[in-house]
Amino acid sequence: MIKAIASMVLLGLLTVSVGAQELSVDKSKLYVTDPAACQKLQDVGVDAFNDTDFLAMSLTDGIQGMEFHCNFMDVKGQKGSSFLFVSAVCEAPGEVYPDTLSISPYDETTVQVVSSYDAMMVSSGNLEPPGPTTNPGVTLYHRCDNLSELPR
């Protein structure tokens, strides 16, 4: 009986694992923290940052906001995995700091970015959790299907 239950649990985990691997990060697209920003960027270009509070992320340009930027220094993936590991240097007014990020699929059009710096800041009480997940340091980014980079 215990072997049967263990087998069913293992089969369930394998099914979840296989299903999760079907999702992937579209490395050629631009992602934003506010889905409305996709249309705004198409309509007015980078001036969208003046009207809407959001962050934009692409694997080539890193993460950009009105007064924030993370340069992606190295992006690594592993064959058979939908996760990406990123080393970055981030800048905000008056500060520069290194960060490591994981980027993984959240659903078909959304990725979750976990920042080790943000997780540490949330855990220490110096920063509010940025998103709806319970994992500190997670920010959800929504894919802009019609954009591969920030309009110049």
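Residues numbered from 1 in each chain as written. Predicted model: local features only at pLDDT ≥ 70, side-chain atom pairs only at ≥ 80, totals over all residues. Heavy atoms only, no water.

1. With respect to the nonpolar core
Counting residues in hydrophobic clusters, the biggest one holds 19 residues, and the most contacted among them are Met57, Phe72, Ile103 and Val111. Mapped onto this core, the elements with two or more residues apiece are β4 (69–77), β5 (84–92), β6 (95–105), β7 (110–115) and α4 (116–123). Per-element accounting of this core gives the leading share, four residues, to β5. Aside from chain neighbours lying at most four places away, what touches Val111 is Val25, Tyr31, Met57, Ile103, Ser104, Pro105, Tyr106, Thr139, Leu140 and Tyr141. If you look at the next biggest cluster of nonpolar residues, it comprises 12 residues, including Val32, Leu41, Phe54 and Ala56. (Core = buried A, V, L, I, M, F, W, Y, C linked by side-chain atoms within 4.5 Å. Buried < 20%, exposed > 50% of the residue type's maximum accessible area, 1.4 Å probe, protein only. Helix = DSSP H or I, 4+ residues; strand = E, 2+ residues; numbered from the N terminus. Contact = heavy atoms within 4.5 Å.)

2. Regarding the pattern of salt bridges
Scanning all chains against the criterion turns up three salt bridges. With a closest N to O distance of 3.7 Å, Lys40 and Asp51 form a salt bridge. Of this pair, Lys40 sits in helix α2 (residues 36–44) while Asp51 sits in helix α3 (residues 48–51), and the two are 11 residues apart along the sequence. The exposure class of Asp51 is exposed, given its relative accessible area of 56%. Notably, a salt bridge pairs Asp145 with Arg143, separated by 2.5 Å at the nearest N-O pair. A residue is classified by how much of its surface remains accessible, and Asp145, at 44% relative accessible area, is partly exposed. (Salt bridge = Lys/Arg side-chain N within 4 Å of Asp/Glu carboxyl O.)

3. Structural notes on α2
Looking only at α2, the buried set comprises Ala37, Cys38 and Leu41. Buried residues of α2 fall within an arc of 110° about the axis and therefore sit on the same side. Gly45 sits one or two residues past α2 and shows a positive phi near 70°. (Arc of directions from axis to C-beta.)

4. Overview of the layout of surface pockets
Taken as a whole, the largest pocket spans an internal volume of roughly 440 Å³. Considering the residues around the largest pocket, the lining is formed by 26 residues, among which Leu55, Phe68, Tyr97, Asp118 and Leu127 are closest to the centre. Those elements that place two or more of their residues in the lining of the largest pocket are β6, β7, α4 and β8 (138–144). Looking at the lining of the largest pocket element by element, the count peaks at four residues for β6. Residue composition of the lining of the largest pocket, by class: 16 nonpolar, four polar and six charged. (1 Å grid on protein atoms, 1.4 Å probe; cavity = no way out; pocket = protein on both sides within 12 Å on 5 of 7 lines; lining within 4 Å. Points joined across faces, edges and corners; volume = space filled by probe spheres on them. Nonpolar A, V, L, I, M, F, W, Y, C, P; charged D, E, K, R; others polar.)

5. Quick look at the packing of aromatic side chains
Under the criterion given, the structure shown has two aromatic pairs. On the basis of an interplanar angle of 15° and a centroid distance of 4.4 Å, the ring pair of Phe49 and Phe54 is categorised as stacked. Assessed through its relative accessible area of 11%, Phe49 is described here as buried. Given the relative accessible area of 3%, Phe54 is considered buried. Centre to centre, the rings of Tyr97 and Tyr117 are 3.8 Å apart; their planes meet at 15°, and the pair counts as stacked. With Tyr97 in strand β6 and Tyr117 in helix α4, this residue pair connects regions lying 20 residues apart in the sequence. (Phe/Tyr/Trp six-rings, centres within 6.5 Å; stacked < 30°, edge-to-face > 60°.)

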